[in-house]
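Examination of the molecular architecture
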Amino acid sequence: MRKKFVGLNDDDWWLDYLEKQVDMERDVALALACNKSLQSGKVNKDRDIFLRQTLGEQSALKNLLEVRTLVKESDEVVLPEDLRIYDSLHDRIMAEINPAEPAMGGILESRGYQIES
Amino acid sequence: MKTDLELVTEVREGNRKSFSELVHRHQRSLLRLGMRFAKEQSLAEDIVQESFIKAFQKIHLFEGRASFKSWLYQIALNTARNKFRDRFGSGAFDSINIEDVPLGVDPNAETGMLRSDVRKQIRAEIDKLPDRQRMALTLRIFEDLSFKEIAEVMGCPYDTAKANYRHALLKLKDRIDIGDYAQGAHDEVNFVAEFSKHVTEVEL
């Protein structure tokens with residue numbers, strides 16, 4: 001479903017990173033495969049340069065996490081903590097559906113039968 | 001633990017206990033969604049109750065292409081829309097669009113995390129966003145839905161849902177004065193540490 005990985009300079013990748021929807025291990029392996037210098041013997045030094053460059057190139061996205069945090073913290077919807085509220089809500093829902101039999105037409109239709117009115 | 005889809009199949013076969021399990025699983029997140037659109041908790045509970053009842057009645061229509069949660073959210077959003085119409089009648093609120101309703105919050109609530117003026121600024125800027133951008137932002141940040149689920153709820157392609165979210169975040173970034181609340185250096189260090197850890201793992 002997600003767009004094909006094209007590298008850490010891809011804005012979409014950063015958005016996925018921000019949203020914790022990346023497979024870090026897989027994408028890092030791909031990034032390494034794409035970056036020959038990182039496959040050389042000077043891995044540690046080159047990695048630091050690579051990281052610094054990557055972060056620098058993403059300056060437009062660097063503050064997004066801060067914005068996201070602020071937006072999240074602005075949420076003032078607080079769910080009730082009293083568990084009895086949920087029990088009561090659940091019971092009301094179940095009481096509403098229990099007297100009623102599931103619509104037979106619906107069940108038959110879902111199994112491919114034609115219902116004649 | 002059974003999946004939602006397995007429980008739905010059992011409900012279709014007449015097992016109401018399975019529906020009870022689905023209610024237990026999703027009622028909290030649905031109530032939270034309802035409370036975004038209704039200031040009164042009782043009204044939010046009504047939205048949840050009606051949404052589950054509709055889901056039960058229409059469960060034969062659930063095809064399983066989207067997740068049950070996404071389907072439920074779609075029903076809840078439609079229910080909330082109709083609820084507002086019912087509540088306010090056909091007068092000035094007749095053409096009310098649920099996406100135009102400011103997210104239901106108590107202006108006097110204290111979070112202790114942000115100064116009230118910054119919080120108000122953020123809320124105001126969110127409300128100014130185009131409908132679909134605001135919806136994508138709300139579902140992602142407040143409801144913690146994945147982009148796939150957001151796409152299902154909004155009835156749009158995955159990339160469109162993601163683009164709506166991205167545009168919303170970028171607009172807010174331009175409009176919100178982050179000022180003293182910036183944590184950039186801290187986050188950057190976290191990223192480097194996380195990335196380096198994975199690089200090491202891959203190399204090994």
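Conventions we followed
- Residues numbered from 1 in each chain as written.
- Chains lettered and ligands numbered in written order.
- Predicted model: local features only at pLDDT ≥ 70, side-chain atom pairs only at ≥ 80, totals over all residues.
- Heavy atoms only, no water.
- Helix = DSSP H or I, 4+ residues; strand = E, 2+ residues; numbered from the N terminus.
- Buried < 20%, exposed > 50% of the residue type's maximum accessible area, 1.4 Å probe, protein only.
- Areas by Shrake-Rupley, 256 points an atom, 1.4 Å probe, with all protein chains shown as cover.
- Contact = heavy atoms within 4.5 Å.
- Salt bridge = Lys/Arg side-chain N within 4 Å of Asp/Glu carboxyl O.
- Axes fitted to C-alpha atoms, helices over the stretch in contact; angles between N-to-C directions.
- Left-handed = near helix turned anticlockwise from the far one by under 90°.
- Nonpolar A, V, L, I, M, F, W, Y, C, P; charged D, E, K, R; others polar.
- Phe/Tyr/Trp six-rings, centres within 6.5 Å; stacked < 30°, edge-to-face > 60°.
- pLDDT = per-residue confidence, 0-100.

When helices and strands are counted, chain B shows nine helices and zero strands. Counting every position in chain B, which comprises 204 residues, the buried fraction comes to 49%. Of the roughly 9,900 Å² that chain B leaves accessible, carbon and sulfur atoms contribute 49%.

From N to C terminus, chain A includes eight helices and zero strands. Starting at the N terminus, the α and β elements of chain A follow one another as α-α-α-α-α-α-α-α. Residue burial in chain A is summarised as follows: out of 117 residues, 43% are buried. Long-range pairs, those at least 24 residues apart, make up 40% of the contacts in chain A with a sequence separation of at least 6. Only carbon and sulfur atoms are counted for the fraction: they give 51% of the accessible area of chain A, which is about 7,100 Å².

It is worth spelling out unusual backbone geometry at this point. A positive phi is found at D144 of chain B, a non-glycine position, where the angle reads about 60°. Judged by relative accessible area, D144 of chain B falls into the exposed class, the value being 52%.

Scanning all chains against the criterion turns up 15 salt bridges over all chains. Among the ionic pairs, R25 of chain B bridges to D4 of chain B, the shortest N-O distance being 2.7 Å. On the criterion of sequence distance, the pair formed by R25 of chain B in helix α2 (residues 16-37) and D4 of chain B in helix α1 (residues 4-12) is long-range, its members being 21 residues apart. Relative accessible area serves as the criterion here: at 17%, D4 of chain B is assigned to the buried category. K128 of chain B is the salt-bridge partner of E125 of chain B, the closest N and O atoms lying 3.4 Å from each other. Of this pair, E125 of chain B and K128 of chain B both sit in helix α5 (residues 116-128), three residues apart, which is roughly one turn of the helix. Among the residues examined, K128 of chain B registers a relative accessible area of 55% and is labelled exposed. Residues participating in the shared-partner salt-bridge network are D75 of chain A together with R32, R36 and E143 of chain B.

Residue and element names in this part refer to chain B. Running from N to C, α1 and α2 cross one another at 145°; their axes reach a closest spacing of 8 Å. The handedness of the crossing between α1 and α2 is left-handed. Each of D4, L7, V8, E10 and V11 in α1 lies in contact with α2, whose residues at this interface are S18, F19, E21, L22, R25 and H26. Each residue belonging to the contact of α1 with α2 can be placed in one class, and the counts come to five nonpolar, two polar and four charged.

A few words on the side chain of E125 of chain B. Owing to a relative accessible area of 10%, E125 of chain B belongs among the buried residues under this scheme. Excluding anything up to four places from it in sequence, E125 of chain B contacts L172, R175 and I176 of chain B.

A word on the packing of aromatic side chains. Residue and element names in this part refer to chain B. This model, assessed by the stated rule, comprises seven aromatic pairs over all chains. Aromatic pair F19 and F52: ring centres 6.2 Å apart, planes at 90°, arrangement edge-to-face. A residue pair is termed long-range when its members are at least 10 positions apart, and F19 in helix α2 and F52 in helix α3 (residues 41-57) qualify at 33 residues. With respect to class, F19 is no different from F52; both count as buried. Look at F68 and W71: their rings are 5.8 Å apart centre to centre, the planes differ by 45°, and that puts the pair in the tilted class. Placement of the pair is F68 and W71 together in helix α4 (residues 68-88), with a separation of three residues, close to one helical turn.

This next bit is on the confidence of the model for chain B. Residues and elements named next belong to chain B. Mean pLDDT over chain B: 78, with 71% of residues reaching 70 or higher. Scored below 50 in pLDDT, residues 90-113 makes 45 contacts in the model with residues more than four places away or belonging to other chains. Per-residue pLDDT stays below 50 along residues 182-189; that stretch engages in eight contacts with residues further than four places along the chain or on separate chains. Prediction confidence for the complex, expressed as pTM and ipTM, is 0.66 and 0.71 respectively.

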